[in-house]
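Secondary and tertiary structure notes
The residues making up each chain are set out below.
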Amino acid sequence: MYLAFYLENHRMPDVSEMNDICKRLFATVQALAPKTEYEEFYKVVEKRVLGYESRILKDIKDGITIETLNTKKQRKAPEEKTAVAKQKKQQRRARRKQETRDNLAKEEILQDDRFFFIAGYTSGGAPYGVTWEEMGLKPWEDLEENKGKGYDSNSVIGRSGIESLYEDKLKGQNGCMIYIEDEFGNRKDIIVDKPVQNGEDIQLTIDAELQKVLYEQFKDDKSCSVAMNQYTGEVLALVSTPSFNSNDFVMGMSDKLWKSLNEDERQPLYNRFRQVWCPGSTFKPVTAVIGLDTGILDPVEDYGNEGLSWQKDSSWGDYYVTTLHETEPATLENAMIYSDNIYFAKVALKLGENNLTSFLEKLGFNKEIPFDIKMSISQYSNTEGIKSEIQLADSGYGQGQILINPLHLASIYSAFSNDGNIIEPTLLYNPNYNPNIWMPEVIQKESLHTVLETMKKVISEPTATGYGLHREDYTLAGKTGTAEIKLSKEDETGTELGWMAVFTTDPNIENPILLISMVEDVKNIGGSGYVVQKDKRVLDQYLR
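Bear in mind that the values here come from a model prediction, so they are computed numbers and not experimental data. (Residues numbered from 1 in each chain as written. Predicted model: local features only at pLDDT ≥ 70, side-chain atom pairs only at ≥ 80, totals over all residues. Heavy atoms only, no water.)

This part takes up the overall build of the chain. Looking only at helices and strands, the chain has 20 helices and 13 strands in total. The proportion of buried residues among the 544 residues of the chain is 50%. In the chain, once contacts between residues fewer than 6 apart in sequence are set aside, the share between residues at least 24 apart is 67%. Surface summary for the chain: the accessible area is close to 27,300 Å², and the carbon and sulfur share equals 47%. (Helix = DSSP H or I, 4+ residues; strand = E, 2+ residues; numbered from the N terminus. Buried < 20%, exposed > 50% of the residue type's maximum accessible area, 1.4 Å probe, protein only. Contact = heavy atoms within 4.5 Å. Areas by Shrake-Rupley, 256 points an atom, 1.4 Å probe, with all protein chains shown as cover.)

On the surface, a cluster of nonpolar side chains totalling about 220 Å² of accessible area is made up of Met 177, Tyr 179 and Ile 190. Within the fold, Met 177 resides in strand β3 (residues 176–181). Residue Met 177 is classed as partly exposed on the basis of its relative accessible area, which comes to 33%. (Patch = residues over 30% accessible without salt bridge, like charges linked within 9 Å, V, L, I, M, F, W, Y side chains within 5 Å. Salt bridge = Lys/Arg side-chain N within 4 Å of Asp/Glu carboxyl O.)

Let us look at the packing of aromatic side chains. Applying the stated criterion across every chain yields a total of nine aromatic pairs. Measuring from ring centre to ring centre gives 5.9 Å for Tyr 413 and Phe 416, while their planes differ by 80°; the resulting arrangement is edge-to-face. On the accessibility criterion, Phe 416 (11% relative accessible area) is buried. Ring plane angle 15° and centroid distance 6.2 Å describe the contact between Phe 416 and Phe 503, whose orientation is recorded as stacked. On the criterion of sequence distance, the pair formed by Phe 416 in the loop between α18 (406–413) and β9 (422–423) and Phe 503 in strand β12 (residues 495–504) is long-range, its members being 87 residues apart. Accessibility assignment for this pair places Phe 416 and Phe 503 in one class, buried. Among the aromatic residues, those joined into a cluster by ring pairs are Tyr 303, Tyr 343 and Phe 344. Between Lys 362 and the ring centre of Phe 359, over which it is positioned, the NZ or CZ distance is 4.2 Å. Across from the ring centre of Phe 218, 5.9 Å away, lies the NZ or CZ of Lys 534, which sits over that ring. (Phe/Tyr/Trp six-rings, centres within 6.5 Å; stacked < 30°, edge-to-face > 60°. Lys NZ or Arg CZ within 6 Å of the ring centre and 35° of its normal.)

Here we have five strands laid out as an open sheet, ordered β6-β5-β13-β12-β11, and antiparallel in their pairing. Among the strands making up the open sheet, the edge pair consists of β6 (235–241) and β11 (476–485). Each neighbouring strand pair of the sheet contributes to a mean axis angle of 5°, computed without reference to strand direction. As paired elements, β11 and β12 share 10 bridges and run antiparallel to each other. Paired with Gly 478 across the bridge in β12 is Val 502. (Pairing = 2+ DSSP bridges. Axes fitted to C-alpha atoms, helices over the stretch in contact; angles between N-to-C directions.)

Quick look at the structure:
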């Protein structure tokens, strides 16, 4: 630009003319580096004017003229320039895609379907075959909301999971260099040189091997699993199945693939560990500790063998609480070992609505879980309170309108390992981490000890529902659960959720674990026993 001016005017530009030249240049500079101030740019150019003149004189001495300069400028026709620009744009796009593929290959662990619902996904650039609206995304709104933060239309932005939560730390900053070339393409002066700033590394508490093992066990099921170190709250695994490969979002998704994901009856896009579910019998230890803590439950009292069905009185009409095993005598220990619904229905009625619901509030029901990934809130009723005796009785064994998030259930179970303190779950790894207590001393130690001993027998007794997990090398405690999901008591088409909650009881072992797994549609494949066998294979690998 200065060379052309000199050849036409036989002198360097004056202050006013240089200001005009700088303004034309600055439009390009600002597009690449929005935070650059004009005054700063002008000063940089001004310092280099004398240097430009000496180089221009050398160019003139070497034979450059205005004619040759104009010939060089007009060498390409407009359509040729457009074609070249388009080709360069395509090459840049191809490079970016290849870089993305290379990065994904390097970080395969966090980008495959086993880790999708934790890591989340990023997206940038339009997908092919399917619109952003169809995917429920509006990237242009993201760019508007993050204006001035270094994003452009080609930016890759975290859309879910850790990618979204820690976008500011993970994204880094693009670099750029703005420089002046002479008419022959030689770089003369650098105006702006902004180095690339890589994003920060985020290290999670997730045990990658455990995550993989859990996923492989349950990948063909509609399921979720949560594993944590119950003494520290460090979350070791968060699995939702089925899943899918998040690379499809990053690289662009065909209309066919998008439709197949949405129409798949197994709902691979549905993050199950974030939801709330009917807990079935895994809720019985909660009812037991509430009963003991309030002084209403005597663990050795015989509540009576009622057979396989029972109702309080004729006011219940044709409604009966049913159970799979008779209990004789009907004490807390036997009721836990054989998972007696009738016993825990009676305990709930004896507790009454106020005792049960107020204690559940203390345990975190109707409250948000303090965790990096937002979880659904657990509830004990669809309305403000429990409205009937039948609902109250059903709540005692984890039915009724009780819905709980699996991570919340794991947090409540952590109280059995921490003298009644409910530990706050955490996902970010810190070598100097000190466990945070979410709810301190909410359960008395004596109550916990009594219930814990019954939960050990759920695993150790040969006739108990959780005996499939029994080990000689570790003492485990836990509770099985089967939750009926149907529109009414007479509904024969309803399905069942199978649960297993199990944890190690020795705080001194190297790899303590609390594992909760839930599988949908277990009605005809063994109920909770199906989940027990899956978790057994997981623990066999984790505890070996």
